[in-house]
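Geometric and topological summary
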Amino acid sequence: MSSTEPTPQPGDRLYQHTKRKQWGLAVLAWERDGKRGYQFEDGELRVFAKEFFGLLAEAECPPDQASRLLAKLGRQSGVGKGGDGKGSKDAQLTFAEQLRVFLTEHPEGFAGARWKEEHRGEGVPRKLKRHRDFMVAEAARLLSREALDELAAAGDHAEVARRLAEVVSGSDLVTRAQVEPVARATPSPQLTQGVRELLYGRGELEARFDELCRVLLEAGRKQLSWPLVTAIAAAVLPNEHVAVRPTVLPKQAQWAQPRLRFASKPDGKAYARILGMVLTVRDALAGAGHPPKDLLDVYDFMVVTLRPGAAKILAEVRRELALHDDAAAAEAEASPDEVVDAVEDDADDDDEDDDDEDVSDDD
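I will try to describe carefully the structure that is included in this document. (Residues numbered from 1 in each chain as written. Predicted model: local features only at pLDDT ≥ 70, side-chain atom pairs only at ≥ 80, totals over all residues. Heavy atoms only, no water.)

Each helix and strand counted, the protein has 16 helices and 5 strands in total. Expressed as a percentage of its 363 residues, the buried residues of the protein come to 44%. Within the protein, residue pairs in contact and separated by at least 24 positions form 60% of the contacts whose partners lie at least 6 positions apart. Roughly 19,300 Å² of accessible area belongs to the protein as shown, and the carbon and sulfur atoms make up 49% of that amount. (Helix = DSSP H or I, 4+ residues; strand = E, 2+ residues; numbered from the N terminus. Buried < 20%, exposed > 50% of the residue type's maximum accessible area, 1.4 Å probe, protein only. Contact = heavy atoms within 4.5 Å. Areas by Shrake-Rupley, 256 points an atom, 1.4 Å probe, with all protein chains shown as cover.)

Okay, here's the thing in structure tokens:
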């Protein structure tokens, strides 16, 4: 992974002018010819030459507030719709939009019978690979701390490798091809220890993750994938670890962690960042009144809302939100309280000075 600072993209994050905080927060609307245009909360689009870029510092605010501002300022600046933001990619996703997509298909959220049946496997006559509760129960039995310690003490590392393969192949978190490094892994004390340390060790997460990658690669002699390595811990400890599907990460990061960067090969530092992003999504869902059961629910939430098939739903959600914002703005402009205040102010002015009224009429 590169350690260089990522190039800012239109609409990807919020900024604040370090010396003009009264302008409010802003988004980058466009960059060209050595200049950048920023759309500010006060309604102004201001252009800065390269030598003044440093005056715009990245702003910190809660994810839900950030997502609303990114959407609002993005629409004002034309990001993703041509205009000053021409050349940019699709409009940046917000939490409000993603939640609406989710609730369009699952109105009762994670607590609904449809979600529980389709994704958790509650009440189903036959378990499927997508049913999380079956997977979690079996993974906890096969790779519990006690089970691993007992097998390690007996020197039965072949059984550890077999159970590892059973856990990862028993879900839809990985494809058949991705399972191969574990299915053909050579049993060893190092592999057993690597699995145990990631799941139950007390060292730094990054180091434990990297060590498991190392021993898996050594045992399987095959390229490792993000889904394979992360499915192990996600299945056994779904409240602490998350399965990673790289195809959804860039879209999810648009509002949850805009500066997220990760390599194609799994590594501990990137996993810690991805886990932090997923926890942000979990907390945002809980704050919106839809607490997930575990991080597997969050994983499925991301997959369901960010899959290609959800693009049409997202487009309709954005249209509805834009109409709602326009209606709210119009209502605010014609607020009865403001009209009354204006009338009262005019009356006060009339009583106070009739000459002012004459001057106003002449103007």
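From this point, things continue past the structure.
To continue, consider the side chain of Glu159. Turning to its location among the elements, Glu159 is positioned in helix H6 (residues 157-169). Glu159 gets classed as buried once you look at its relative accessible area, which sits at 19%. Polar contacts involving the side chain of Glu159 include one to the side chain of Arg163, which spans 2.8 Å. (Polar contact = N/O pair within 3.5 Å; in protein donor to acceptor, adjacent residues only side chain to side chain.)

The next thing to look at is the pairing of strand S3 (residues 35-40). Put simply, side chains in a regular strand alternate between the two faces of the sheet. With 5 of 6 residues buried, S3 is to be regarded as a mostly interior element. Two elements, strand S2 (residues 25-32) and S3, share 6 bridges in a ladder whose sense is antiparallel. If you follow Glu31 over to S3, its bridge partner there is Arg36. Pairing of S3 with strand S4 (residues 45-49) involves 5 bridges; the strand directions are antiparallel. By the bridge assignment, Gly37 is partnered in S4 with Val47. The turn joining S3 and S4, which pair antiparallel and follow one another in sequence, is formed by 4 residues; a positive phi near 95 degrees is taken by Gly43. (Pairing = 2+ DSSP bridges.)

Here we come to the pattern of salt bridges. With the rule as written, the count across this model stands at 25 salt bridges. With a closest N to O distance of 2.8 Å, Glu159 and Arg163 form a salt bridge. Highlighted residues: Glu159 and Arg163, both in helix H6, separated by 4 residues, approximately one helical turn. Arg163 sits in the buried class, given a relative accessible area of 17%. Beyond isolated ion pairs, a larger network of salt bridges with shared partners links Arg120, Asp133, Lys293, Asp294 and Asp297. (Salt bridge = Lys/Arg side-chain N within 4 Å of Asp/Glu carboxyl O.)

Moving on, we come to the environment of Pro258. In this fold, Pro258 is placed in the loop between helix H11 (249-256) and helix H12 (268-287). What makes Pro258 partly exposed here is its relative accessible area of 24%. Spatially, the C-alpha atoms of Pro258 and Gly11 are 9.8 Å apart, while their sequence positions differ by 247 residues. Those residues in contact with Pro258, other than ones at most four positions away along the chain, are Asp12, Arg13 and Ala253.

Another aspect to go through is the nonpolar core. Residues Leu143, Leu164, Leu191, Leu199, Leu212, Leu216 and Val278 are the most contacted members of the largest nonpolar core, which totals 79 residues. The residues touching Leu199, leaving out its near neighbours within four places in the chain, are Leu143, Leu148, Ile232, Ala233, Val236 and Leu237. Of all hydrophobic cores here, the second largest spans 9 residues; its members include Trp23, Ala26, Phe40 and Phe48. (Core = buried A, V, L, I, M, F, W, Y, C linked by side-chain atoms within 4.5 Å.)

Time to look at the sheet that holds S4. Ordered in space as S4-S3-S2-S1-S5, the 5 strands form an open sheet in which the pairing is antiparallel. Two strands in the sheet have a free side with no partner beyond their single neighbour: S4 and strand S5 (56-58). Recorded for the sheet is a direction-independent mean angle of 45 degrees between the axes of neighbouring strands. (Axes fitted to C-alpha atoms, helices over the stretch in contact; angles between N-to-C directions.)

The subject of this paragraph is the side chain of His241. Here His241 is to be found in the loop between helix H10 (226-236) and H11. By relative accessible area, His241 is classed as buried at 4%. Of the polar contacts made by the side chain of His241, one reaches the side chain of Tyr271; its length is 2.9 Å. When neighbours within four sequence positions are excluded, His241 is seen to be in contact with Leu198, Leu205, Ala233, Ala234, Tyr271, Leu275 and Leu295.

Within the secondary structure layout, Thr230 lies in helix H10. Separated by 13 residues in the primary sequence, Thr230 and Ala243 place their C-alpha atoms 4.9 Å from one another. Setting aside anything within four residues of it in sequence, one finds Thr230 in contact with Phe209, Val242, Ala243, Val244 and Tyr271. A polar contact is formed between the side chain of Thr230 and the backbone nitrogen of Val244, at a distance of 2.9 Å.

Our focus in this paragraph is the packing of helix H2 (residues 95-105) against helix H13 (residues 295-306). As a packed pair, H2 and H13 sit with axes 9 Å apart at the nearest point and diverge in direction by 90 degrees. Relative to H13, the element H2 lies roughly perpendicular. Contact residues: H2 offers Gln98, Val101, Phe102 and Glu105, while H13 offers Phe301, Met302, Val304, Thr305 and Leu306. The class makeup of the residues in the contact of H2 with H13 is 6 nonpolar, 2 polar and 1 charged. (Parallel < 35°, antiparallel > 145°, perpendicular 65-115°, else oblique. Nonpolar A, V, L, I, M, F, W, Y, C, P; charged D, E, K, R; others polar.)

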